[in-house]
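What the coordinates show
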Amino acid sequence: MAKKFYITTPIYYPSASPHLGHAYCTTLTDIIARGKRMRGFETFFLTGTDEHGEKIQKNAAAKGVTPQEFVDEIAERFKNLWKAMKISNDDFIRTTEPRHEQTVQKIFSKMVELDDIYLSSYTGWYCVHEESYWTETQVGEEHLCPECGRPVEKKDEPAYFYRCEKHVDNLLKYYDENPIFITPESRKNEMINTFIKPGLQDLCVSRTSFTWGIPVKEKEGHVVYVWLDALTNYITALGYLQDDDSRFQTFWQDPDCEIVHVIGADINRFHTIYWPMFLDSLGLRKPNRVFVHGLMMMKDGKMSKSKGNTISAYPLIERYGVDAVRYYLASEITFGQDGRFTPEDFVTRINSDLANNVGNLLNRTISMISKYYGGEIPAYPGRVNDNDGELEELTEKTIRSYEVLNDDLKVTEAYAEVMVLADRANKYIEENAPWALAKDPEKAANLASVMNHLARTIFVVGKLLSPILVEKSEALFNQLGLPEEKRTYENVHDIHLVDGLNVNKGEPLFPRLDIEAEVKEIVAMMAAPKEKAAA
Ligand code: ME8
């Protein structure tokens, strides 16, 4: 039976257009999902939008539209961006959909029945932007939100609370028994030391000061706290407590299905403290991993809607193609660490890895096969040249470490290994000097071996990169003359795969970019009005 894999992105707030930071998280998650599917895992990939809350209500009012109209329009922008980025999500959940709202009400009622949620009243300092309450000490004398620095409001309202202390022991036990639950590990220590050790206060899980939320059935005037609403999307989208819960059975209830949430550090607390507790209340298993990726910054700090220093993915896709943007996102910033977007790095990365390494390898090889063999790849003659064995072994080693690194969510590292293989193949050309072999009839077997080894290595490089290069990998297989049915992942181990294929000379996969000119282009994109770029 196929192994199972369930992966999710955060569901984003449709409060403004998506920017490259959102594209970063979704693209990396997509690359993982595509990689698993390619390797035969039964995979489910979920993304969506988190559409309730006071912030959305206020933004809609400011625009003079209803909250529903407001989120309908922006959710569409997210969906369009994912289409443009070639995101392969299996579902897109919107928290205003009936399937979600009804299930959240059932979940809330279940927690009330269990006495995990109780009615009381709340006095505290509230930040509308972060949708969070803070204590007197946290907001300080100036009454500013410790997270975003905006002024907070004093609130006093009846509210439901979630009993944290009831589940905290199970949470810590889960951390202990599952050392990779929170990755990278530093993110776990942060949770324990900053939030759990000082003592978790019960979490306020209903609001009465606004209406744009899922109504609490138990009490009129209350809506469900946006984070209890949002986190449960990971199970409501699978059909939890719904008539057809087959996906839920397949991807959540099966203990052999690996469940991974990919998130940014800003929402770690919700995913690694409250979410496992909520699942504990419901008697459900917890995710295997919460992978906390880093932030994509701009020169003036975090890229964010509120700062207005974002760059849209669209003009980049339009000018450089979706694969170049996907590759940049996966390779430039080590997955799990913070990184900075600069136009110089963007252009340099595409030139060095895609144009000069992979693209060049393909070009040279196809040209030589055309020139020396009229386009027909010679059959594998065994290991003829001194370094044939080395290239074959490196190929196998790359495939093995690619799988291990990907399973460990070390995405950047996994694809860097593939670049090392492509680089080695380029050096293999220099070492064997096929142009000299071609002049010596006694070296015919040597030349045939070089061409066959190169073509086969190119297939492996293209196949391993295909979760990122969703279009160009197909163009690469076309140039190799590889029929559709031979493009499957199992064939990476087939030493005879390319024997006798007829190559097709084509356009360079990635034309080399003029750094200076392209940096200017990108700087202009960054200055362009954001809404226009997104439209
Ligand atoms: O927090 N760099 O939604 P959100 C990298 N609705 N990633 C970034 C980024 C950046 N500059 N900016 C945003 C919410 N992200 C909630 C989530 S989940 C049940 C509810 C990514 O629209 C990153 O993954 O503010 C971050 O965690 C997420 O977008 C926050 O998106």
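Moving on, we get to the site of the ligand. Surveying the vicinity of the ligand reveals 25 residues, the closest of which are Ile11, Asp50, Asp266, His293 and Met296. Ile11 places a main-chain nitrogen or oxygen 2.8 Å from a nitrogen atom of the ligand. Here an oxygen atom of the ligand sits 2.9 Å away from a polar atom, N or O, in the main chain of Gly264. In isolation the ligand has 670 Å² of accessible area, and contact with the protein removes 95% of it. Looking at the shell around the ligand, the elements with two or more residues in it are strand E1 (4–12), helix H1 (20–38), helix H8 (226–231), helix H9 (233–236) and strand E11 (258–264).

Next up on the list: the packing of aromatic side chains. Counted under the stated rule, the structure contains 27 aromatic pairs. Measuring from ring centre to ring centre gives 4.9 Å for Tyr162 and Phe278, while their planes differ by 85 degrees; the resulting arrangement is edge-to-face. With a gap of 116 residues between them, Tyr162 in strand E6 (residues 153–162) and Phe278 in helix H11 (residues 268–281) connect regions that are remote in the sequence. Residue classification places Phe278 among the buried residues on the basis of a relative accessible area of 1%. Among the aromatic residues, those joined into a cluster by ring pairs are Tyr6, Phe44, Tyr234, Phe251, Trp252 and Trp275.

For the rest of this paragraph, the subject is helix H10 (residues 246–253). Where H10 is concerned, the buried positions are Phe248, Phe251 and Trp252. Buried positions in H10, seen along its axis, are confined to an arc of 95 degrees and lie on one side of it. Considering only its buried residues, H10 is in contact with E1, strand E2 (42–49), H9, E11 and H11.

With the rule as written, the count across this model stands at 37 salt bridges. Linking Glu73 and Lys63 is a salt bridge whose minimum nitrogen-to-oxygen distance equals 3.2 Å. Pair noted here: Glu73 is in helix H3 (residues 67–84) and Lys63 is in helix H2 (residues 54–63), with a separation of 10 residues, a long-range link. With a relative accessible area of 37%, Glu73 lands in the partly exposed category. Between Asp115 and Arg163 there is a salt bridge, with the nearest N and O atoms lying 3.1 Å from each other. Note that Asp115 is positioned in the loop between helix H4 (98–113) and strand E4 (117–127) and Arg163 in the loop between E6 and helix H6 (168–177), a separation of 48 residues in sequence. One connected set of salt bridges, linked through shared partners, spans Glu54, Lys58, Glu153 and Lys155.

Taking 1.5 Å per residue as the helical rise, helix H20 (residues 515–527) with its 13 residues ought to reach 18 Å, and the 19 Å between its terminal C-alpha atoms agrees with that figure. The set of residues buried in H20 consists of Glu518, Val519, Ile522 and Met525. Burial along H20 is one-sided: seen end-on, the buried residues are contained in an arc of 115 degrees. Facing away from the buried side of H20 by over 90 degrees, the exposed positions are Glu516, Lys520 and Ala527. On the buried face of H20, the contacting elements are helix H12 (314–320) and helix H14 (343–373). Sitting at the head of H20, Asp514 places a side-chain oxygen 3.1 Å from the backbone nitrogen of Glu516.

This part is about the side chain of Thr232. Relative to the assigned elements, Thr232 resides in the loop between H8 and H9. The exposure class of Thr232 is buried, given its relative accessible area of 1%. In this view, Thr232 contacts His100, Val104, Ile107 and Trp275; residues no more than four positions away in its chain are not counted.

Turning our eyes to something else, we now look at the domain arrangement of the protein. Splitting the protein by domain gives domain 1 (4–293) and domain 2 (343–493). On a C-alpha basis, the centroid separation for the pair domain 1 and domain 2 is 43 Å. The contact between domain 1 and domain 2 buries some 1300 Å² in all, and 68% of this surface belongs to carbon and sulfur atoms. It is Ile31, Met38 and Arg39 in domain 1 that bury the most area against domain 2; as a group they hold 46% of the surface buried on that side. Seen at the junction of domain 1 and domain 2, the total is 4 salt bridges. On the surface where domain 1 and domain 2 come into contact, there are 4 residue pairs in polar contact (both at pLDDT 80 or more). Elements supplying a minimum of two residues to the side of domain 1 that touches domain 2: H1 and strand E12 (289–293). In terms of residue count, H1 provides more of the side of domain 1 that touches domain 2 than any other element does, 7 residues in total. Residues belonging to the side of domain 1 that touches domain 2 are distributed by class as follows: 7 nonpolar, 1 polar and 5 charged.

Analysis parameters
Residues numbered from 1 in each chain as written. Predicted model: local features only at pLDDT ≥ 70, side-chain atom pairs only at ≥ 80, totals over all residues. Heavy atoms only, no water. Near = heavy atom within 4 Å. Polar contact = N/O pair within 3.5 Å; in protein donor to acceptor, adjacent residues only side chain to side chain. Areas by Shrake-Rupley, 256 points an atom, 1.4 Å probe, with all protein chains shown as cover. Helix = DSSP H or I, 4+ residues; strand = E, 2+ residues; numbered from the N terminus. Phe/Tyr/Trp six-rings, centres within 6.5 Å; stacked < 30°, edge-to-face > 60°. Buried < 20%, exposed > 50% of the residue type's maximum accessible area, 1.4 Å probe, protein only. Arc of directions from axis to C-beta. Contact = heavy atoms within 4.5 Å. Salt bridge = Lys/Arg side-chain N within 4 Å of Asp/Glu carboxyl O. Expected span 1.5 Å × (residues − 1). Domains from an automatic or database assignment. Buried area = accessible area lost by both parts, 1.4 Å probe. Nonpolar A, V, L, I, M, F, W, Y, C, P; charged D, E, K, R; others polar.

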